[in-house]
Amino acid sequence: MGSNDPKVHHYMPKVLTKHWEHRKGTDERQLTYFDFSTRKFDTKSALRLFSKQGLNTPEVEGKLSKWFESPIGKYVDPLRQNKPEQTPTNWKTERALLLVLLFNTQRILEARGESVPITLEQLLSGGEPLLDAYAKHWRQKFPAIYSVDLVEGHEMFFTEVSTFGVPFSSGPPALALPLSRWHLLLFRGAELSETEAWELRKMRATGRLELLSVGVSSQAHRVALPRQWRELAEANPTGTAQSLVDLRKKMQNFY
């Protein structure tokens, strides 16, 4: 293994968090977030949040850019212009989105210094044939993928684990990946039944998807805020912090 690059590397791909960025008294792009472990708000450079210095080798960074960030960016950019596309049909794009579900967990564990049976560098060393095999395995695990837009005026959070669960009254829960503040992909182990499709429409209409995006995982300490919640936090930080804590508890009970 080569020496690590001294630059700052994101363990949560910046191509995913870009739509939560904003400017605050500087030309530098910022992310405002709430930390559930400290119950405090903060704003950091988008280049610094969800990142760690010298995390990867230059070779690993190059592969992540080529095989993940670039194809995802091409799919996501129209979403950020409020021009949603359907579920991706290009294999390299679909592969990148599928493997985000697997590789983001790997990147988080390595950033935290936790032991892993196989490193990210080793996972990438097999090249595209191995990536294809991983992606096809995950496609079997999540054979149903749905493209969902929120109701106009609703915006999602983005947690430091990127995904959030969406429960249904029957059948397996789904895993949601926000790609913009108002658009997500829903990965599920089985097609939605007619009743479950109705439940999803209801969750969308009532804003339940937006609320679920705050996350229920104990590992999702930091949550990037959409514009509406940023404004609430600036106006009333104490009250907004309590609202977020209460919201997460409510969603944990719902789940």
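This is a predicted model, so every value here is computed, not measured.

Rules of the game
Here the residue index of a chain counts from 1 through its sequence in written order. Selection of residues for local features in this predicted model requires a pLDDT of at least 70, selection of side-chain atom pairs for listing and counting requires 80 or more, and totals for whole chains, interfaces and linings are taken over all residues. Based on all heavy atoms of the structure, the side-chain values leave hydrogens and waters out of the count. Elements are defined by DSSP. Helices are runs of H or I of four residues or more, strands are runs of E of two residues or more, and each kind is numbered from the N terminus. One less than the number of residues in a helix, times 1.5 Å, gives the span that helix is expected to have. The classification of residues rests on relative accessible area computed with a 1.4 Å probe and restricted to protein chains. Under 20% of the type maximum is buried, over 50% is exposed, and intermediate values are partly exposed. To be clear, the arc concerns the directions from the helix axis to the C-beta atoms. Two residues qualify as a contact provided that any one of their heavy atoms is within 4.5 Å of a heavy atom in the partner residue. Ring pairs shown here join Phe, Tyr and Trp side chains whose ring centres sit within 6.5 Å, with only the six-membered ring taken for Trp; geometry is labelled stacked below 30 degrees between planes, edge-to-face above 60, and tilted in between. We call a charge positioned over a ring when the NZ of a Lys or the CZ of an Arg lies within 6 Å of the ring centre and within 35 degrees of the ring normal. The term nonpolar core refers to a set of buried residues drawn from Ala, Val, Leu, Ile, Met, Phe, Trp, Tyr and Cys, joined through side-chain atoms within 4.5 Å. Whether two strands pair depends on DSSP finding at least two bridges between them.

Caption draft 1: View of helix α9 (residues 237-254). When the terminal C-alpha atoms of α9 are compared, their 25 Å separation across 18 residues agrees well with the 26 Å that a helix rising 1.5 Å per residue should span. Looking only at α9, the buried set comprises Thr240, Ala241, Leu244, Val245, Leu247, Arg248 and Met251. The arc enclosing the buried residues of α9, seen along the axis, measures out at 155°, which places them on a common side. Looking at α9, the residues exposed on the side facing more than 90 degrees away from the buried face are Thr238 and Asn253. Buried residues along α9 sit against β3 (29-35), β4 (40-45), α7 (208-212), β11 (222-224) and α8 (227-235).

Caption draft 2: Molecular detail of the packing of aromatic side chains. As enumerated under the stated definition, the model contains 8 aromatic pairs in all. Judged by centre distance (5.6 Å) and plane angle (20°), the rings of Trp138 and Phe142 are stacked. An aromatic cluster of at least three residues, connected via ring pairs, comprises Phe34, Phe36 and Phe41. Its end group placed over the ring of Trp138, Lys141 keeps NZ or CZ at 5.8 Å from the ring centre. Here the basic side chain of Arg188 rests over the ring of Phe168, its NZ or CZ set 4.9 Å away from the ring centre.

Caption draft 3: Representation of the nonpolar core. Within the largest apolar cluster, 43 residues are counted, with the highest numbers of intra-cluster contacts made by Leu16, Phe68, Ile72, Phe103, Leu124, Leu179 and Phe187. Tallying contributions element by element places helix α3 (residues 91-111) first for this core, with 9 residues. Beyond its immediate stretch of four places on either side in the chain, Phe187 contacts Leu97, Leu98, Leu101, Phe142, Ala144, Ile145, Ala174, Leu175 and Leu177. Membership of the second largest hydrophobic core comes to 29 residues, among which are Val166, Ala174, Leu184 and Leu200.

Caption draft 4: Geometry of the environment of Trp67. Its location among the elements puts Trp67 in helix α2 (residues 58-80). The class of Trp67 is buried, set by a relative accessible area of 10%. Distance in space between the C-alpha atoms of Trp67 and Val216 is 29 Å, their sequence separation being 149 residues. Discounting chain neighbours no more than four positions away, the residues touching Trp67 are Arg95, Ala96, Leu124, Gly127, Glu128 and Leu131.

Caption draft 5: Layout of the pairing of strand β10 (residues 183-188). With 6 of 6 residues buried, β10 is to be regarded as a mostly interior element. Both faces of β10 are covered, namely the face carrying His183, Leu185 and Phe187 and the face carrying Leu184, Leu186 and Arg188. Note that strand β6 (residues 144-149) and β10 share 6 bridges and pair antiparallel. Residue Asp149 lies in a different strand from β10, and its bridge partner there is His183. With 5 bridges connecting them, strand β9 (residues 174-178) and β10 associate as antiparallel partners. Looking at β10, one finds that Ala176 is bridged to Leu186.

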